[in-house]
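# Architecture at a glance
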Amino acid sequence: MSPLPLSLAFAVALALSLLVKFWLSSRQIRHVAVHRGQVPAAFAGSVTLSAHQKAADYTIARARFGLLALAFNAAVLLSWTLLGGLHALNGWVLDASQALPADWQPLGYQLGLVAAFVLIGGLLDLPWELWSTFRIEQAFGFNRMTLGMYFGDMLKGLAVGALLGLPIVALILWLMGTMGPLWWLWAWVAWMGFQLLVMVIYPSVIAPLFNKFEPLADASLKGRVERLMARCGFAAKGLFVMDGSRRSAHGNAYFSGFGPAKRVVFFDTLLAKLNGGEVEAVLAHELGHFKHRHITKRIVLAFVMSLAGLALLGWLAQQPAFYLALGVQPNFDAPNDALALLLFMLAGPVFGFFVTPLASHFSRRDEFQADAYACAQVSGADLSSALLKLHEDNAGTLTPDPIYARFYYSHPPAAERLAALAS
């Protein structure tokens, strides 16, 4: 295999994906701006002009910021790959690892390379995340975090990532180096086990590190929710309220956990905005996802895709052209497994971008199915009212560009969703 065709394919895919992203975002900005001055007729009696314009301004601000971030991230990706950034980092880490005891050098060098890459990437992303949180979200009244809280969360995230991430990365690297040509199959088994473990421990171990969870105290609402879950044949370990208002004004509700560890979690911001019937309707929608096995199907699909990805990586890792095509000279006297993992992580999303509209299509289909299920269990009017309130409170635009929405939206646009509920 020659590195030139691979390098060319990567460059073409990157350029094409950037052109498509810029085109779609530009369409979204223009379309929302053109329709900013008037509330759509379908919402004229329920959404004020000021709320509509706030949503338009918020959408445009995020889209413009996204264009800048997109250009920056593309430059970073090129720097890591074709311009030799990862090659340079690899040489530096490889030299530094010579100070380790000989027995520790192979794995220590590879873990050091992964850790250095992740830390540098995090530092490069930090200014963009700060601007998004403390300028854009703050300007539109959504951010409630302080800088101290933000950096506290970041440090806790780093600690959790190190405690959970380093062992699984070390295990996968060890499997790559010791299990022969079929290492990817063993790595897949280990990765699936790790994913399932995280699903089980997340609600009771990880999530409480970042938020407080209190049992749902509203007896009337609790009764409604329990009766709904009984009708739907769904069992949960508990009903909890999360202090989401400490960080953001956005509201949400979700199921967390896996198997017997499942929990129902309501943001306190959601409970403050919706009445009992509307909260019940939102939960019925989430139950619809479980009833139609959307969550199970997505987990199975993720498992299948990860198996295919690891199998592909197992082949690519043996091809010197894979490294050379992406700007890295493979090691001759040290393992290349960490390099292969990082290059795959960098290049994979470039090619995966082109299946985005297909994934979005199936996700929107699932949302329609969950809505239909909710309407069979509770009042469709309550679900419509809840969705409209959440759309307005989260400043979601009512007038997205149709092509942009078809490509990116995992949920149907508000007009389509509410029209389906009314039919």
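All figures in this text were calculated on a predicted structure; none of them were measured in a lab. (Residues numbered from 1 in each chain as written. Predicted model: local features only at pLDDT ≥ 70, side-chain atom pairs only at ≥ 80, totals over all residues. Heavy atoms only, no water.)

### Observations concerning the overall build of the protein
If you tally the helices and strands in the protein, you get 16 helices and four strands. Computed over C-alpha atoms, the radius of gyration of the protein comes to 24 Å, within 12% of the 22 Å expected from 2.2 N^0.38 for 423 residues, which places it in the range of a compact globule. Along the three orthogonal principal directions, the C-alpha set of the protein runs to about 70 × 50 × 40 Å. For the protein, the residues scored as buried account for 44% of the 423 residues in total. Taking the intrachain contacts of the protein between residues at least 6 apart in sequence as the baseline, contacts between residues at least 24 apart amount to 75%. Charge separation in the protein, taken as the distance between the mean sites of 30 positive and 25 negative side-chain charges, equals 6 Å. (Helix = DSSP H or I, 4+ residues; strand = E, 2+ residues; numbered from the N terminus. Rg over C-alpha atoms; globule rule 2.2 N^0.38 Å. Buried < 20%, exposed > 50% of the residue type's maximum accessible area, 1.4 Å probe, protein only. Contact = heavy atoms within 4.5 Å. Lys, Arg positive; Asp, Glu negative; His and termini not counted. Charge placed at Lys NZ, Arg CZ, Asp CG, Glu CD.)

### Section: the sheet that holds strand 1 (residues 213–215)
The strand order across the open sheet formed by four strands is 1-2-4-3, and the pairing between neighbours is mixed. The open sheet is flanked by strand 1 and strand 3 (253–256), the only strands paired with a single partner. Averaged over all pairs of adjacent strands, the angle between strand axes in this sheet comes to 35 degrees, irrespective of strand direction. Contacts from helix 7 (residues 219–232) reach strand 2 (239–242) and strand 4 (263–267), with the element oriented near 130 degrees to strand 2. (Pairing = 2+ DSSP bridges. Axes fitted to C-alpha atoms, helices over the stretch in contact; angles between N-to-C directions.)

### Comments concerning the pattern of salt bridges
Between side chains of opposite charge, a pair can form when the charged atoms approach closely. Counting across every chain of the model gives 14 salt bridges. Of the charged contacts, one joins arginine 62 and glutamate 137 as a salt bridge, the two residues approaching to 3.2 Å between their closest N and O atoms. Of the two residues, arginine 62 sits in helix 2 (residues 49–80) while glutamate 137 sits in helix 4 (residues 105–139), which places them 75 residues apart along the sequence. Its salt-bridge partner being arginine 365, residue aspartate 366 comes within 3.3 Å of it at the nearest N-O pair. When its relative accessible area of 6% is taken as the criterion, aspartate 366 is described as buried. Judged by its relative accessible area of 40%, arginine 365 falls in the partly exposed class. (Salt bridge = Lys/Arg side-chain N within 4 Å of Asp/Glu carboxyl O.)

### Details of empty space enclosed by the protein
What the rule picks out here adds up to one cavity of 30 Å³ or more. Roughly 30 Å³ of internal volume is contained in the largest cavity. Only helix 6 (183–206), strand 3 and strand 4 provide two or more residues apiece to the lining of the largest cavity. Taken together, the residues that form the lining of the largest cavity break down as six nonpolar, one polar and one charged. (1 Å grid on protein atoms, 1.4 Å probe; cavity = no way out; pocket = protein on both sides within 12 Å on 5 of 7 lines; lining within 4 Å. Points joined across faces, edges and corners; volume = space filled by probe spheres on them. Nonpolar A, V, L, I, M, F, W, Y, C, P; charged D, E, K, R; others polar.)

### Some words on a nonpolar patch on the surface
Among the surface-exposed residues, Leu171, Trp174, Met179, Leu182, Leu185 and Trp186 lie close enough to one another that they form a single nonpolar patch of about 580 Å² accessible area. Of all the elements in the fold, those that place two or more residues in the nonpolar patch are helix 5 (147–178) and helix 6. (Patch = residues over 30% accessible without salt bridge, like charges linked within 9 Å, V, L, I, M, F, W, Y side chains within 5 Å. Areas by Shrake-Rupley, 256 points an atom, 1.4 Å probe, with all protein chains shown as cover.)

### A look at the packing of aromatic side chains
On inspection of all chains with the given rule, the structure shows 15 aromatic pairs. Grouped by ring-pair contacts, the aromatic residues Phe353, Phe354, Tyr404, Phe407, Tyr408 and Tyr409 constitute a single cluster. If you follow lysine 21 out to its NZ or CZ, it ends over the ring of phenylalanine 353, 4.8 Å from the centre. A cation over a ring is seen here: lysine 54 above phenylalanine 142, with NZ or CZ 5.0 Å from the ring centre. (Phe/Tyr/Trp six-rings, centres within 6.5 Å; stacked < 30°, edge-to-face > 60°. Lys NZ or Arg CZ within 6 Å of the ring centre and 35° of its normal.)

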